[in-house]
Amino acid sequence: MNSQSLQPTLNLPQIPAGYLNLMGYVNESAVNGPGCRAVVWVQGCSRHCPDCFNPESWSFELNQLISIEDLALKILSNPRDTGVTFSGGEPFWQAPGLAKLARQVKAAGLTVMAFTGFTLEKLQAPDAPAGAAELLEELDLLIDGSYIQELAVHSPNSPVSSSNQRLHIFNPQLQDQITWASDQIEIHVSNNGDRLVTGYRRYEE
């Protein structure tokens, strides 16, 4: 099965050329990779892992469409962010657009990281999602593997959320910056009072 035959099976929506379909976005996160990072959550995932952190990201319906150019400008407008992390949802179902975005932010000096439910081997296989190799080429860090509830990790020293997941360091300059822990949360409050919660533990009132 090739990547072209995979996509209709998932009934992926037609995202306009030059756009990404997002679930959410936040600046200045410290729990989604090294340093201070912008986080881009894409819309759409077919895995539906039990106890998923973002079940609202499962649907492949169009949610927040944003042009790659506008998103790059948004990321680069915050000088405190030293990198960007792609999460979701499943980033590799929008790999070509994210690869283009990655090239733009990397040209400005930011690092790029991604979470994926695929294994690295699957992303390097002939039946990988379209554009997977292109996006992998731009990544400095990758955490791969589906979240498995029975293998959950609760440790202040682990960047992965379940023990089957792996951290791949493609940029050796980041070798000494793997200091964040997955077992924590952040709460971002917008100017209008809306809250966005990110991190490993699900936030409860």
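Before reading on, note that the structure itself is shown above.
In this text, all values refer to a predicted model and were calculated from it rather than measured experimentally.

> So what exactly am I meant to see when it comes to the overall build of the protein here?
Counting secondary structure elements, the protein contains five helices and nine strands. Ordered by position from the N terminus, the helices and strands of the protein form the series α-β-β-β-α-β-α-β-α-α-β-β-β-β. Across the 205 residues of the protein, 49% fall into the buried class. Partitioning the contacts of the protein with sequence separation of at least 6, the portion at a separation of at least 24 is 67%. Just so you have it, the protein exposes about 10100 Å², and 49% of that area is on carbon and sulfur atoms.

> Before we go on, may I ask you to explain the pairing of strand β4 (residues 83–87) in this structure?
Every other side chain in a regular strand lies on the same face of the sheet, so the side chains alternate between the two faces. For β4, a buried count of five out of five residues is recorded, marking the element as mostly surrounded by other parts of the structure. Of the two faces of β4, the one holding Gly-83, Thr-85 and Ser-87 and the one holding Val-84 and Phe-86 are both buried throughout. The pairing of strand β2 (residues 37–42) with β4 spans five bridges and is parallel. Bridge assignment links Val-39 to a residue of β4, and that residue is Thr-85. One ladder, built from four bridges, connects β4 with strand β5 (residues 111–115); its direction is parallel. Paired with Phe-86 across the strands is Ala-114, a residue of β5. Read from β4 through helix α3 (residues 95–107) to β5, the crossover connection turns out right-handed.

> Looking at this structure, how should I read the packing of aromatic side chains?
In this description, a pair of aromatic rings is defined by centroid distance and the angle of the planes. Tallied over the full model, the rule gives one aromatic pair. Lying over the aromatic face of Phe-118, Arg-47 brings its terminal NZ or CZ to 4.5 Å of the ring centre.

> Explain the environment of Val-105 to me, please; I cannot follow it from the model alone.
Following the sequence through the fold, Val-105 ends up in helix α3. For Val-105, a relative accessible area of 0% corresponds to the buried category. C-alpha of Val-105 to C-alpha of Leu-71: the two residues are 34 residues apart in sequence and 9.8 Å apart in space. Aside from chain neighbours lying at most four places away, what touches Val-105 is Ile-75, Leu-76, Val-84, Leu-110 and Val-112.

> I tried to follow the nonpolar core on my own but got confused; where do I start?
A general trend in soluble globular proteins is that nonpolar side chains are found buried together. Core analysis: the biggest nonpolar cluster contains 35 residues, and Val-40, Leu-71, Ile-75, Phe-86, Phe-92 and Leu-101 have the highest contact counts within it. Those elements giving two or more residues to this core turn out to be β1 (19–29), β2, α2 (68–76), β4, α3, β5, α4 (120–123) and α5 (132–138). Among the elements that line this core, the one with the most residues is α3, at six residues. Ignoring sequence-local partners within four residues, the contact set of Val-40 consists of Leu-22, Gly-24, Tyr-25, Leu-71, Ile-75, Val-84, Thr-85, Phe-86 and Ser-87.

> Could you clarify how one ought to interpret unusual backbone geometry in this entry?
Note: most peptide bonds trans; most residues except glycine with negative phi. Backbone torsion omega between Gly-88 and Gly-89 reads 15°, so that peptide bond is classified as cis. Here the phi dihedral of Glu-28 falls at roughly 55°; this positive angle occurs in a residue that is not glycine. Mapped onto the elements, Glu-28 comes out in strand β1.

> Looking at this structure, how should I read a nonpolar patch on the surface?
Taken together, Tyr-19, Leu-62 and Leu-65 make up a surface patch of nonpolar side chains, about 260 Å² in accessible area. Note that Leu-65 resides in strand β3 (residues 64–67).

> What should I look at first to understand the pattern of salt bridges in this one?
Where charged atoms from two side chains of opposite charge come close, those side chains can pair. By the definition in use, this model includes seven salt bridges. Linking Glu-138 and Arg-103 is a salt bridge whose minimum nitrogen-to-oxygen distance equals 3.9 Å. In this pair, Glu-138 is assigned in helix α5 and Arg-103 in helix α3, connecting sequence segments 35 residues apart. The shortest N-O distance in the salt bridge between Asp-144 and Arg-166 comes to 2.6 Å. Placement of Asp-144 in strand β6 (residues 141–144) and of Arg-166 in strand β7 (residues 166–169) is noted, with a sequence separation of 22 residues between them. A relative accessible area of 1% means that Asp-144 is categorised as buried. Residue classification places Arg-166 among the partly exposed positions, given a relative accessible area of 31%.

The rules behind these values
Residues numbered from 1 in each chain as written. Predicted model: local features only at pLDDT ≥ 70, side-chain atom pairs only at ≥ 80, totals over all residues. Heavy atoms only, no water. Helix = DSSP H or I, 4+ residues; strand = E, 2+ residues; numbered from the N terminus. Buried < 20%, exposed > 50% of the residue type's maximum accessible area, 1.4 Å probe, protein only. Contact = heavy atoms within 4.5 Å. Areas by Shrake-Rupley, 256 points an atom, 1.4 Å probe, with all protein chains shown as cover. Pairing = 2+ DSSP bridges. Right-handed = clockwise from strand over helix to strand, strands pointing away. Phe/Tyr/Trp six-rings, centres within 6.5 Å; stacked < 30°, edge-to-face > 60°. Lys NZ or Arg CZ within 6 Å of the ring centre and 35° of its normal. Core = buried A, V, L, I, M, F, W, Y, C linked by side-chain atoms within 4.5 Å. Patch = residues over 30% accessible without salt bridge, like charges linked within 9 Å, V, L, I, M, F, W, Y side chains within 5 Å. Salt bridge = Lys/Arg side-chain N within 4 Å of Asp/Glu carboxyl O.

Geometric values such as these leave the question of function open.
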